[in-house]
Amino acid sequence: MADKVPSVTLNNGKKIPILGLGTWGSPTGEVSRAVKEAIDLGYRHIDCAFVYGNEQEVGEGLAAKFADNTVKREEVFVTSKLWNTFHRADLVRPALEKTLKNLRLERLDLFLIHWPMGYKEDGELFPADADGKTLFSDVDYVETWKAMEECCKAGLTTSIGLSNFNIRQVERILSIATIKPVMNQVEYHPYLHQQELSKFCRSKNILITGYSPLGSPARPWVTSDDPVLLEDPKVKAVAERCGKSVAQVLIRWQLQLDHITIPKSTNTKRIKENFDVFDFELSKQDMEDLGSLNRDERFVPMTACAGHKYHSFENNEFTD
């Protein structure tokens, strides 16, 4: 079944499956099973991050599938991300080594800078002052990138890339990089149709991975007043025309934009449903209808970083 998942080629010649299993927000106690079920179904791409707090369970699931010979290590593409408190150059490699230990791997396939904004390096993942305000680090992500390159040269990761970087920030990285980023992983769905960013990255041969493709309905800060992408009448109408679920249509939209996408689920039925997106195509009209829904609606706005000079969603970064 895995043969039916197409792969695309990164700018360093390595291949990545265009559909993966996301693990952000996956409850502890369920992640290992979800990884094992996904691999049994044919998924060959698992997306992780240190800050998700479940890398050890992901590692358990991977180890079980390697041990029972369902897959070999080289057949599964594993991504993880450097958290904001490890941006200082001397902290990057130890952070990656911790992730590798959690995942029971000797090497990642892709390591991303999770956000361009650094946090104070005081041992807490979410450092804050007495009023609960996030404590920032002023480390430049350019410094972080140079340390990422050293991790790549040391063989701890095959590829390196970015996440949540805007066009200006990608340009800054490209201006100093000796190893080019292969990826920019960003929030992407019809309510946040970042065409300009996608086009720019493509022009630089940097692929886009779209996270929250279903609108992150289970995000911790969701409120009853928030828009629900999965219930949008226009999306439902496309799904009805295609004879597919709303989730399948949203995933297919990403794939036809030439994006990689990583829908998250620990529900067996939905893990299977999310994978079942290679037997139909959206029409040109369907693609346009979904693309027209853009409202610049971020479900992951990272408000805790408001005022940070490197906040990728604000226009306060210095220029040079």
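Above this text sits the structure in question.
The structure displayed is predicted, hence computed values, not measured ones.

Parameters and conventions
Residues numbered from 1 in each chain as written. Predicted model: local features only at pLDDT ≥ 70, side-chain atom pairs only at ≥ 80, totals over all residues. Heavy atoms only, no water. Phe/Tyr/Trp six-rings, centres within 6.5 Å; stacked < 30°, edge-to-face > 60°. Helix = DSSP H or I, 4+ residues; strand = E, 2+ residues; numbered from the N terminus. Buried < 20%, exposed > 50% of the residue type's maximum accessible area, 1.4 Å probe, protein only. Lys NZ or Arg CZ within 6 Å of the ring centre and 35° of its normal. Pairing = 2+ DSSP bridges. Salt bridge = Lys/Arg side-chain N within 4 Å of Asp/Glu carboxyl O. Contact = heavy atoms within 4.5 Å. Axes fitted to C-alpha atoms, helices over the stretch in contact; angles between N-to-C directions. Parallel < 35°, antiparallel > 145°, perpendicular 65-115°, else oblique. Left-handed = near helix turned anticlockwise from the far one by under 90°. Nonpolar A, V, L, I, M, F, W, Y, C, P; charged D, E, K, R; others polar.

## So, the packing of aromatic side chains
According to the stated counting rule, one finds 10 aromatic pairs in the structure shown. Ring geometry for Trp115 against Phe313: centres 5.8 Å apart, planes inclined by 75°, an arrangement best described as edge-to-face. Taken as a pair, Trp115 in the loop between β6 (108-113) and α4 (141-153) and Phe313 in the segment after α10 (284-291) lie far apart in primary sequence, 198 residues in all. In this structure Phe313 comes out as partly exposed when scored by relative accessible area, which is 25%. The ring of Phe280 is capped by Arg252, whose NZ or CZ atom sits 5.9 Å from the centre of that ring. Above the ring of Tyr191, the side-chain terminus of Arg295 is found at 4.7 Å from the ring centroid.

## Side note on the sheet that holds strand β5 (residues 77-82)
In space, the 8 strands of this open sheet follow the order β3-β4-β5-β6-β7-β8-β9-β10, with parallel pairing throughout. Two strands close off the open sheet at either side, each with one partner strand: β3 (21-22) and β10 (260-261). Sheet topology note: the β6/strand β7 (residues 157-163) ladder contains 5 bridges and is parallel. Of the residues in β7, the one forming a bridge with Phe111 is Ile160.

## Looking at the pattern of salt bridges
One pass over the full model with this rule turns up 16 salt bridges. Close ionic contact of Glu37 with Arg33 constitutes a salt bridge, the shortest N to O distance being 3.0 Å. Taken together, the residues span about one helical turn, with Glu37 and Arg33 both in helix α1 (residues 31-41) at a distance of 4 residues. Judged by its relative accessible area of 21%, Glu37 is partly exposed. In this structure, the salt-bridge partner of Asp68 is Lys65, at a minimum N-O distance of 2.8 Å. Residue Lys65 is classed as buried on the basis of its relative accessible area of 8%. Among the ionic contacts, a cluster of salt bridges with common partners joins Glu30, Arg33 and Glu37.

## Thoughts on the environment of Leu10
Mapped onto the elements of the fold, Leu10 is located in the loop between β1 (7-9) and β2 (15-17). Residues contacting Leu10, with those up to four places away along its chain left out, are Ile16, Phe77, Ser159, Val182, Met183 and Leu207.

## Thoughts on the side chain of His114
Looking at the secondary structure, you find His114 in the loop between β6 and α4. Take His114: its relative accessible area is 6%, and that puts it in the buried class.

## What to know about the packing of α4 against helix α5 (residues 167-176)
Taken N-terminus to C-terminus, the directions of α4 and α5 make an angle of 50°; their axes are 10 Å apart at the nearest point. Taken together, the axis directions place α4 and α5 in an arrangement best described as oblique. The element α4 and its partner α5 pack so that their crossing is right-handed. For the pair α4 and α5, contact is made by Tyr141, Val142, Trp145 and Lys146 and by Gln169, Arg172, Ile173 and Ile176, respectively. Classifying every residue of the contact of α4 with α5 by side-chain character gives 5 nonpolar, 1 polar and 2 charged.

Purely geometric numbers; function is a separate question.
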